[in-house]
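Structure assessment
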Amino acid sequence: KSSTTTKAKDKVQEPTTSHSKTDLALSESATTRQTWKSGPITAIVIGCGQRGRCYSEYALIRPNELQIVAAADPRATARSYMSRTFGLANDAVFEHWQPLVEKGRIADAAIICTQDQQHLEPCQACKRLGCHVLLEKPMACSPLDCARLVHREWLSEADQLMVICHVLRYLPAVRKIHQFIRSGQLGRLCHVQHTEPVGYAHFAHSYVRGNWRNEAGSAFSLLTKCCHDVDLICYWMPSRCSRVSSFGSLVHFRPEEKPEGAAERCVDCSVEKDCPYSAVKAYIFPGVWSPAAFVDREACNGDHAKYQQLVEEAVKTGPYGRRVYNCDNDVCDHQVVNMEFDDGATASLTMMAFTEAVCVRSSVFYGTRGELRWNGASYGDTALTMYEFASMDHMHVPVGLGPEGDNQEAPPAGSGRMRGHGSADFFLAQAFVRALLKAKDSAEAGGDTAGSSLAELQRELNDSTLYGHLVAFAAEESRKRGTVVSIGEYIDSVMSRLDEDC
């Protein structure tokens, strides 16, 4: 993945492109009605970095359910990995996504994991082909582009799925919380307090030195890091968000915070040993963060000495070896979001860079009959704890592998990347593939419910996904303008601009 480095604007970023030229160039004959291929669900992968490889790995774990048939990525090492791992022929691996799409609908689905600002066009093109789409979050980097992706103009068939990778929604604990709130055991839910501890090394890697360091190359950090969390809160709450306010800034990773005597690069720095954000500590010794973003371990074919040499060279000369106080970053390193809902309930979200924990979310739910706490665990007997006011008892709320009928199962041992996000990556891929398999089985059996079930699911996904993204955009507008933003008015303004644009 790569990013550009131009000066960020002081307002919510407007889309830099109109409708996709590639998409509009597709002939009408390329747009097909839903048909199913025999065997497992087939998929193409556009963007074969860490996230693209992660979701593709489901095909290795469940080859009877998913098969990868083609891939596109501008990096030779990524293309080589996909070819080697999934047995792809040379004519099934592409440097750019456009030639892959021009081959027509060669698969049931498309897994799109390009850089954030490159989501819109390949997604539109694949939808026009009739492919179901699994799209990495955030869905796009502007509110207008997000709205475009669920607008009727780009949904060629009502029974196509476009699932955004809000993987945390698929955690058994997250679904259990949703059910528990609606069961009434908490009484009336009054407030949710949710924290996302990004982790000091993770933030320095991704949001100071890395691809998500500035708005010009990606988007603001609340969207790129915490659209997960805004989505979770909106999913949990029984009513819609009505107003939002937000505060935050870039406090630490700035030139004026540079320690005295600090050099331009960590390998040359006299104060490196005392710096918690040292690239030497992060990537070489003791190595607290993976250098996978800039050195492809698979390309070293098991040669550890070669891999270590490449890492050290990259830290000496590349962007990930820069002093954190001298990067072209501009995104917030801490931010709070306050949300008010139609039923009078409130919620607060805290995103914090300066934490020991790395993305281990925690939440407290305050109801009129009790208090529920989530420690961030995926499932198990201790993930959720409730204190009941009437009995004055503490109790664990057991969390299994999903509500009855969800057909969830734990990822098998050796699942590698799919255990990310507490195995939520596996649960998401499983849900996406099995929804398509269910529709396919129904169609093959001559049933008429496959299309309608997918259409119903897609309507729900369109509504909730776009809503959560727009709440995040509204929160960022509040932070920049210093005002409380009405969600209804904000959404109306986006949809009005969409109508004008279309």
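A brief report on the enclosed structure follows. (Residues numbered from 1 in each chain as written. Predicted model: local features only at pLDDT ≥ 70, side-chain atom pairs only at ≥ 80, totals over all residues. Heavy atoms only, no water.)

What about the sheet that holds strand 7 (residues 189–197)?
Quick reminder of the rule: Note: two strands are recorded as paired if DSSP finds a minimum of 2 bridges between them. Put simply, DSSP H or I for four residues or longer makes a helix, DSSP E for two residues or longer makes a strand, and each gets a number counted from the N terminus.
With mixed pairing, the nine strands of this open sheet are ordered in space as 14-13-12-11-7-10-9-8-15. Edge positions in the open sheet fall to strand 14 (393–399) and strand 15 (485–486), since each of these has one partner strand only. Of the pairings in the sheet, the one linking strand 8 (residues 241–249) to strand 15 comprises two bridges and is antiparallel in character. Residue pairing in the sheet places Arg243 in a bridge with Ser486 of strand 15.

Here we look at the sheet that holds strand 5 (residues 132–135)
What the six strands build is an open sheet, ordered 3-2-1-4-5-6; its pairing is parallel. What marks the edges here is a single partner per strand, and that holds for strand 3 (93–94) and strand 6 (162–164).

What to know about the side chain of Arg209
Put simply, the rule reads: Two N or O atoms form a polar contact when they lie within 3.5 Å of each other; inside protein one atom must be a possible hydrogen donor and the other a possible acceptor, and for residues adjacent in sequence the pair counts only when both atoms belong to side chains.
Along the polypeptide, Arg209 turns up in the loop between helix 9 (200–208) and helix 10 (221–236). Of the polar contacts made by the side chain of Arg209, one reaches the backbone oxygen of Tyr320; its length is 3.4 Å. Here the side chain of Arg209 touches Arg322 through a polar contact of 2.8 Å, landing on its backbone oxygen.

With respect to the nonpolar core
Stated formally: What we call a nonpolar core is a set of buried Ala, Val, Leu, Ile, Met, Phe, Trp, Tyr and Cys residues that are connected through their side-chain atoms within 4.5 Å. Categorising residues by exposure relies on relative accessible area from a 1.4 Å probe, with only protein chains included: less than 20% of the type maximum marks a residue as buried, more than 50% marks it as exposed, and the intermediate range marks it as partly exposed. The split of the chain into domains comes from an automatic or database domain assignment. Contacts: residue pairs with any heavy atoms within 4.5 Å of one another.
With 138 residues, the main nonpolar core has Met339, Phe365 and Trp374 as its most contacted residues. Here this core spans two domains, since at least three of its residues come from each of domain 1 (41–168 + 413–501) and domain 2 (170–254 + 328–397). If near-sequence neighbours (up to four positions away) are discounted, Trp374 is found in contact with Leu171, Ala173, Val174, Ile177, His194, Trp236, Arg361, Ser362, Ser363, Phe365, Ala383 and Leu384. In this structure, Ala279, Ala282, Cys300 and Tyr307 belong to the second largest nonpolar core, which totals twelve residues.

Some points on the pattern of salt bridges
The condition that has to hold: Think of a salt bridge as a Lys or Arg side-chain nitrogen and an Asp or Glu carboxyl oxygen that are within 4 Å of each other.
Counted according to the given criterion, the structure contains 24 salt bridges. For Glu215, the salt bridge goes to Lys480, with nearest N and O atoms at 3.0 Å. Residue Glu215 is located in the loop between helix 9 and helix 10, and its partner Lys480 is located in helix 14 (residues 450–481); the two are separated by 265 residues in the primary sequence. Relative accessible area serves as the criterion here: at 8%, Glu215 is assigned to the buried category. With a shortest N-O distance of 2.6 Å, Arg254 and Glu256 are connected by a salt bridge.

Remarks on the side chain of Asn329
Inspection of the secondary structure puts Asn329 in the loop between helix 12 (304–317) and strand 9 (334–341). Asn329 gets classed as buried once you look at its relative accessible area, which sits at 9%. Within the structure, the side chain of Asn329 is placed 3.1 Å from the backbone oxygen of Phe253, a separation counted as a polar contact. If near-sequence neighbours (up to four positions away) are discounted, Asn329 is found in contact with Tyr207, Val208, Arg213, Asn214, Leu250, Phe253 and Val324.

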